[in-house]
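Below are the chains, spelled out letter by letter.
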Amino acid sequence: MEIRPARPEDRDAVVRIWRRAVEATHHFLTPADVDALEPEVRAIPLGILVACDPGPVGWIATHEDRIEALFVDPDVHGRGVGTALLATTSATHVDVNEQNPSGRVFYAARGFVPVGRSELDGEGRPFPLLHLRRPG
């Protein structure tokens, strides 16, 4: 598996990975919610890293000490892609949807602990977030 900076031609794959991962793990979102969120994902600057095997199968976006997003295609869940992406950053903070048990388990297994909770997501929608921190 290669981890590299995203290229402009990766945009569609990045969005497809996000959508497949969200549909597989974010069961609290309706199809309309996912459709409404897609333009935000499509607008993410390509200063992200993608995991390729051989094409993109996962990606991570970070900013300073925060993981802004980490998504892996469900076809390769459990194969170390997310862990490899996480290893590329020293970021110590991440928010995870409270209603996403697989995300909570993933981060907990990698040393992240809850340090807070918000009733709403970052855009004010009613999707509670757990604020996690990795001691470092």
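Here, every reference points to the structure presented above.
Presented here is an overview of the structure given in this document. (Residues numbered from 1 in each chain as written. Predicted model: local features only at pLDDT ≥ 70, side-chain atom pairs only at ≥ 80, totals over all residues. Heavy atoms only, no water.)

**Let's talk about the sheet that holds strand β1 (residues 2-5)**
Through backbone hydrogen bonds, the strands of a sheet pair up, either in parallel or in antiparallel fashion. Across the sheet, seven strands lie side by side as β1-β2-β3-β4-β5-β7-β6; this open sheet has mixed pairing. Edge positions in the open sheet fall to β1 and β6 (113-118), since each of these has one partner strand only. Here the average twist between neighbouring strands, direction ignored, is 30°. The sheet contact formed by strand β2 (residues 49-52) and strand β3 (residues 56-63) spans four bridges and is antiparallel. (Pairing = 2+ DSSP bridges. Helix = DSSP H or I, 4+ residues; strand = E, 2+ residues; numbered from the N terminus. Axes fitted to C-alpha atoms, helices over the stretch in contact; angles between N-to-C directions.)

**What about the side chain of aspartate 121?**
As for its position among the elements, aspartate 121 is in the loop between β6 and β7 (129-133). Not counting the four nearest positions on each side in its chain, aspartate 121 is found in contact with Phe127 and Leu129. (Contact = heavy atoms within 4.5 Å.)

**A short note on the layout of surface pockets**
Counted as a void, the largest pocket has a volume near 1300 Å³. Around the largest pocket sit 49 residues that line it, and His26, Glu68, Ala69, Leu70 and Phe71 are the ones nearest its centre. Of all the elements in the fold, those that place two or more residues in the lining of the largest pocket are α1 (11-25), α2 (31-42), β3, β4 (66-72), α3 (81-86), β5 (93-97) and α4 (101-109). Of all the elements, β4 adds the most residues to the lining of the largest pocket, at seven residues. (1 Å grid on protein atoms, 1.4 Å probe; cavity = no way out; pocket = protein on both sides within 12 Å on 5 of 7 lines; lining within 4 Å. Points joined across faces, edges and corners; volume = space filled by probe spheres on them.)

**Examining the pattern of salt bridges**
The full count for this structure, using the stated rule, is 14 salt bridges. The shortest N-O distance in the salt bridge between aspartate 12 and arginine 42 comes to 3.0 Å. Separated by 30 residues along the polypeptide, aspartate 12 in helix α1 and arginine 42 in helix α2 bring together distant segments of the chain. Note on arginine 42: relative accessible area 34%, which makes it partly exposed. Taking the shortest distance from any N to any O, the salt bridge between aspartate 121 and arginine 125 comes out at 2.8 Å. The exposure class assigned to aspartate 121 is buried, which follows from its relative accessible area of 12%. Linked by salt bridges that have partners in common, Asp12, Arg19, Glu23, Asp35, Glu38 and Arg42 make up one network. (Salt bridge = Lys/Arg side-chain N within 4 Å of Asp/Glu carboxyl O. Buried < 20%, exposed > 50% of the residue type's maximum accessible area, 1.4 Å probe, protein only.)

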